[in-house]
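Chain by chain, the residues:
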Amino acid sequence: MICHKSQTKDFIIEITDQLSDITRHQWCDAFPTGDMYLSYDYLEALEKGLKNDIDFRYIQFKQPETLELLGRAYVQLLRFTPNELNVDALHNQFGNAIPDKFIKNLDARVLLCGNAFATGEHGFEFSSKISDSQSINILTDTLKQIKKDEKKAHDEVSLILLKDFWPESDCFVNLLKDKQYSPFEIDVNMVFRIQPHWSELGDYLNDLTTKFRTKVKSILHRSEDLNMIDADTEYIESRIDRLEELFYNVMERADYRFAALNGGALVELKKSMNEQFKLFLYELDGKIVGFGTAFVNDGHLDANFVGLDYAVNRQLSVYQRILVDFIRFGIEHNLYSVRYGRTAEEIKSTLGAEPVHMKLYGKHRNSITNQLIKPILNHVRAREFKMRKPYKAAYYGK
């Protein structure tokens, strides 16, 4: 149902809490080559798989006279409690800026414009007719309206969060600061760039120094008993419980998580996205010991979720094998890069991935508290790691 409808001089704003209230052509026609994470198929699959865990809002910005769609945005409403946090990891990033008592009593509802399950700018999209300042003004005003509506419904939002902005999107920095949003970083996004002259994995290996080529070959050797399966919907459905078990193994070790996925969401994503969504399963003697998922998105491979059986992970190099197979897939399908995302930075840099700093912007519901959290967010730093240079010298001389 439509939760809110209002009009300004330049826009009609419609907010709904389920995608089925919007027809496919209404949502898609104005953005035929738009962001995959804002596509109807993707959002529909995510809502079907996670509607019991996350509240969703879909926003349309229309031209008042013609009703032309000038912009669209997507919001996830998430509950954030100590269960989603690794307290030791928080202390490493914030120092003593956040008291233990605050962390233990944390129960915050976060309004996220973006995607908890993907790194990048996937929260909004506007027509080229709309300037950056116009888009940020109407977007932030609308997020404020959603916050007000949630308060009326007695489920108050504590924090508005916009994630994640690429370095080239610095045009938004001052615009969001003017709206009292505080910029901060968490961990870097590790991006593996695929070279045009590579046509198979062997070409990539040839560009590595002897030391790092040996490391990759060792990964392939230790994992040679694994059977890799490019899973279809039926295969995923028949193994949901095991996939969830392996996924939660990894989540238990994460420093923090915005939200958790479930097996049902994996099934829905595969049904809707088909070959755009890849789920690589790794079996040992018929038992799944790991999996990795990724989306083929606008010429890039976006790695998303990993599940591991830690009893055999180190011995069989399951995690590293997943990372190498993503490289293999990217090369064989002529992609530009593998966007590995956050975590395990040193391991990924050993393969040739490089860090990209991404900005998030946060704003607390209370203006006084919002001023107080600015210095806390300034304490947030991407974790340090030893950056490796695995390629031959000629690569770095380009």
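Rules behind the numbers
- Residues numbered from 1 in each chain as written.
- Predicted model: local features only at pLDDT ≥ 70, side-chain atom pairs only at ≥ 80, totals over all residues.
- Heavy atoms only, no water.
- Buried < 20%, exposed > 50% of the residue type's maximum accessible area, 1.4 Å probe, protein only.
- Helix = DSSP H or I, 4+ residues; strand = E, 2+ residues; numbered from the N terminus.
- Pairing = 2+ DSSP bridges.
- Salt bridge = Lys/Arg side-chain N within 4 Å of Asp/Glu carboxyl O.
- pLDDT = per-residue confidence, 0-100.
- Contact = heavy atoms within 4.5 Å.
- Polar contact = N/O pair within 3.5 Å; in protein donor to acceptor, adjacent residues only side chain to side chain.
- Core = buried A, V, L, I, M, F, W, Y, C linked by side-chain atoms within 4.5 Å.
- 1 Å grid on protein atoms, 1.4 Å probe; cavity = no way out; pocket = protein on both sides within 12 Å on 5 of 7 lines; lining within 4 Å.
- Points joined across faces, edges and corners; volume = space filled by probe spheres on them.
- Nonpolar A, V, L, I, M, F, W, Y, C, P; charged D, E, K, R; others polar.

Colleague: Break down the pairing of strand 9 (residues 189-193) for me, citing the residues and quoting the values.
Modeller: Burial of strand 9 is extensive: four of the five residues sit out of reach of the surface. Inspection of the sheet shows strand 9 paired to strand 14 (residues 337-341) by four bridges, in the antiparallel sense. Bridging across to strand 14, Val-191 finds its partner in Arg-339.

Colleague: Go over the pattern of salt bridges with me, naming the residues and quoting the values.
Modeller: For the coordinates displayed, the defined rule picks out 27 salt bridges. Taking the shortest distance from any N to any O, the salt bridge between Glu-237 and Lys-271 comes out at 3.9 Å. Placement of Glu-237 in helix 9 (residues 233-237) and of Lys-271 in helix 11 (residues 263-273) is noted, with a sequence separation of 34 residues between them. In this structure, the salt-bridge partner of Arg-239 is Glu-283, at a minimum N-O distance of 3.8 Å. With Arg-239 in the loop between helix 9 and helix 10 (240-251) and Glu-283 in strand 11 (residues 277-284), this pair connects stretches of sequence that are 44 residues apart. Owing to a relative accessible area of 28%, Arg-239 belongs among the partly exposed residues under this scheme. Linked by salt bridges that have partners in common, Asp-55, Arg-57, Arg-79, Arg-109, Glu-150 and Asp-155 make up one network.

Colleague: Provide a residue-level description of the confidence of the model for the chain, including the pertinent values.
Modeller: With 86% of its residues at a pLDDT of 70 or more, the chain shows a mean pLDDT of 87. This model gives residues 101-105 a pLDDT under 50, and the stretch forms seven contacts once residues within four places in sequence are excluded.

Colleague: Can you break down the side chain of Ser-135 residue by residue, with the values?
Modeller: Along the chain, Ser-135 turns up in helix 5 (residues 132-152). In terms of polar contacts, Ser-135 uses its side chain to reach the backbone carbonyl oxygen of Asp-132, at 2.8 Å. Those residues in contact with Ser-135, other than ones at most four positions away along the chain, are Phe-126, Ile-130 and Phe-172.

Colleague: Account for the nonpolar core, with residues named and values stated.
Modeller: Judged by nonpolar contacts, the single largest core of 49 residues is most densely connected at Tyr-42, Phe-117 and Leu-281. By residue number, the principal contributor to this core is helix 2 (residues 40-50), which donates six residues. With residues near it in sequence (within four places) discarded, Tyr-42 still touches Met-36, Tyr-37, Asn-115, Phe-117, Leu-269, Met-273 and Phe-295. Grouped together as the second largest cluster of nonpolar side chains are 39 residues, Leu-208, Leu-316, Leu-323 and Ile-327 included.

Colleague: Describe unusual backbone geometry, listing the residues and the values that go with them.
Modeller: Across the junction of Lys-163 and Asp-164, the peptide omega takes the value -25°, indicating a cis bond. Tracing the sequence through the fold places Asp-164 in strand 7 (residues 159-165). A positive phi angle, close to 65°, is found at Leu-67, a residue other than glycine. Positionally, Leu-67 belongs in the loop between strand 3 (55-62) and strand 4 (69-80). Backbone geometry places Asp-285, a non-glycine residue, at a positive phi of 55°. Mapping Asp-285 onto the fold places it in the loop between strand 11 and strand 12 (287-297).

Colleague: Account for empty space enclosed by the protein, with residues named and values stated.
Modeller: Tallying each qualifying case throughout the model produces three cavities of 30 Å³ or more. Taken as a whole, the largest cavity holds about 70 Å³ of empty space. In terms of lining residues, the largest cavity is bounded by Tyr-37, Ala-118, Thr-119, His-122, Asn-189, Asp-302, Ala-303, Asn-304, Arg-339 and Gly-341. Listing elements by their share of the lining of the largest cavity, those giving two or more residues are strand 13 (300-308) and strand 14. At three residues, the largest contribution of residues to the lining of the largest cavity is made by strand 13. The class makeup of the residues in the lining of the largest cavity is three nonpolar, five polar and two charged. Approximately 40 Å³ is the volume found for the second largest cavity. Leu-243, Glu-244, Phe-247, Leu-261, Asn-262, Gly-263, Leu-266, Phe-291 and Phe-305 are the residues that line the second largest cavity. Of all elements in the fold, only helix 10 and helix 11 reach the threshold of two or more residues within the lining of the second largest cavity. Broken down by element, the lining of the second largest cavity gets its largest block of residues, three residues, from helix 10.

Colleague: Outline the pairing of strand 2 (residues 12-16), listing residues and values.
Modeller: Side chains on a regular strand alternate between the two faces of the sheet. Counting buried positions along strand 2 gives five out of five residues, so the element sits mostly inside the fold. Burial along strand 2 is two-sided: the face carrying Ile-12, Glu-14 and Thr-16 and the face carrying Ile-13 and Ile-15 are both buried. Taken together, the five bridges between strand 2 and strand 3 define a ladder with antiparallel strand orientation. Of the residues in strand 3, the one forming a bridge with Ile-15 is Ile-59.

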